[in-house]
Amino acid sequence: MSLAGGHRDERHKLAMVAAWAIAIAYLLAARGVRNFFPLSVFDMYQGRSPDVASRVLVVIDASGEAAEITAFDAFSCAPAWPKLDDVRHCAHHDQGRVEYVARDLQVHFDAHVTSDASGMEGARLVWRTWKLEDRPGPPAIDDCEIAVCRVRRRAP
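Owing to the predicted nature of the structure, the values given are computational and were not obtained by experimental measurement.

S.K.: Let's hear about the overall build of the chain: which residues, and what values?
M.R.: A tally of regular secondary structure across the chain gives 2 helices and 7 strands. When the helices and strands of the chain are placed in sequence order, the string is α-β-β-β-β-β-α-β-β. When each of the 156 residues of the chain is scored for burial, the buried share is 27%. For the chain, the proportion of contacts with a sequence separation of at least 24, taken over those separated by at least 6, is 68%. Just so you have it, the chain exposes about 10,600 Å², and 60% of that area is on carbon and sulfur atoms.

S.K.: Provide a residue-level description of a nonpolar patch on the surface, including the pertinent values.
M.R.: There is a patch of nonpolar side chains on the surface, built from M16, W20, I24 and L28 and spanning about 470 Å² of accessible area. Among the secondary structure elements, W20 is positioned in helix 1 (residues 3-33).

S.K.: Residue-level account of the environment of A140, with values.
M.R.: In this fold, A140 is placed in strand 7 (residues 140-153). With 88 residues separating them along the chain, A140 and V52 place their C-alpha atoms 9.7 Å apart.

S.K.: For the nonpolar core, give the residues involved together with the corresponding values.
M.R.: With 22 residues, the main nonpolar core has V58, I69, F75, L125 and V151 as its most contacted residues. Every element with two or more residues in this core is listed here: strand 3 (52-60), strand 5 (72-78), helix 2 (99-111), strand 6 (121-131) and strand 7. A per-element tally of this core places strand 7 first, with 5 residues.

S.K.: So, the packing of aromatic side chains: which residues are in play, and what are the values?
M.R.: In this description, an aromatic ring pair is defined by two values, namely the gap between the centres and the angle between the planes. The full count for this structure, using the stated rule, is 2 aromatic pairs. Taken together, a centroid distance of 4.9 Å and an interplanar angle of 50 degrees make the contact between F75 and F109 tilted. In this pair, F75 sits in strand 5 while F109 sits in helix 2, placing the two residues 34 residues apart along the sequence. Across this residue pair, the class does not change: F75 and F109 are buried. Clustering of aromatic rings is evident, with ring pairs tying together F72, F75 and F109.

S.K.: Give me the lowdown on unusual backbone geometry, citing residues and values where you can.
M.R.: With an omega of 0 degrees, the peptide bond between A78 and P79 qualifies as cis. Take P79: it is sitting in the loop between strand 5 and helix 2.

S.K.: Provide a residue-level description of the sheet that holds strand 7, including the pertinent values.
M.R.: The antiparallel open sheet is built from 5 strands, whose spatial order is 4-3-6-7-5. Sheet topology places strand 4 (66-67) and strand 5 at the edges, where each strand pairs with a single neighbour. Sheet topology places strand 6 next to strand 7; 11 bridges connect them, and they run antiparallel. Among the inter-strand pairings, W130 is bridged to a residue of strand 7, identified as I141.

Thresholds applied
- Residues numbered from 1 in each chain as written.
- Predicted model: local features only at pLDDT ≥ 70, side-chain atom pairs only at ≥ 80, totals over all residues.
- Heavy atoms only, no water.
- Helix = DSSP H or I, 4+ residues; strand = E, 2+ residues; numbered from the N terminus.
- Buried < 20%, exposed > 50% of the residue type's maximum accessible area, 1.4 Å probe, protein only.
- Contact = heavy atoms within 4.5 Å.
- Areas by Shrake-Rupley, 256 points an atom, 1.4 Å probe, with all protein chains shown as cover.
- Patch = residues over 30% accessible without salt bridge, like charges linked within 9 Å, V, L, I, M, F, W, Y side chains within 5 Å.
- Salt bridge = Lys/Arg side-chain N within 4 Å of Asp/Glu carboxyl O.
- Core = buried A, V, L, I, M, F, W, Y, C linked by side-chain atoms within 4.5 Å.
- Phe/Tyr/Trp six-rings, centres within 6.5 Å; stacked < 30°, edge-to-face > 60°.
- Pairing = 2+ DSSP bridges.

Written out as structure tokens, the structure is:
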């Protein structure tokens, strides 16, 4: 073995030790600070997902069909101007809510409230909660009424 070859092996070993030391230092630092860029322990992959999911939907009275609020372009409701995130009276009010989704739906709803209910169909705004239990079949559904409305579907 030449002197140059032995020197190369030694540099390779030092590089490997340095790489492992950096990786271990990163892991220790990430554990210490949890989620502070550029260090992260990626908590989103560690926890168990919630047992419920929920969403504000429009349920058509005549058919029972549920649809997204964005599928409609006019709302006339009682109470006249419901707040879609005010679901404290619902059984699962504190679970499954995604704040930015509720906020975006409220913006759409507010932009399409009307007092003219002509040509509209009856519907209910509901806070629908799906119970994601570990069992066969579709998830159980719990609807909590937010408002009684007349709605008009958005033109295709």
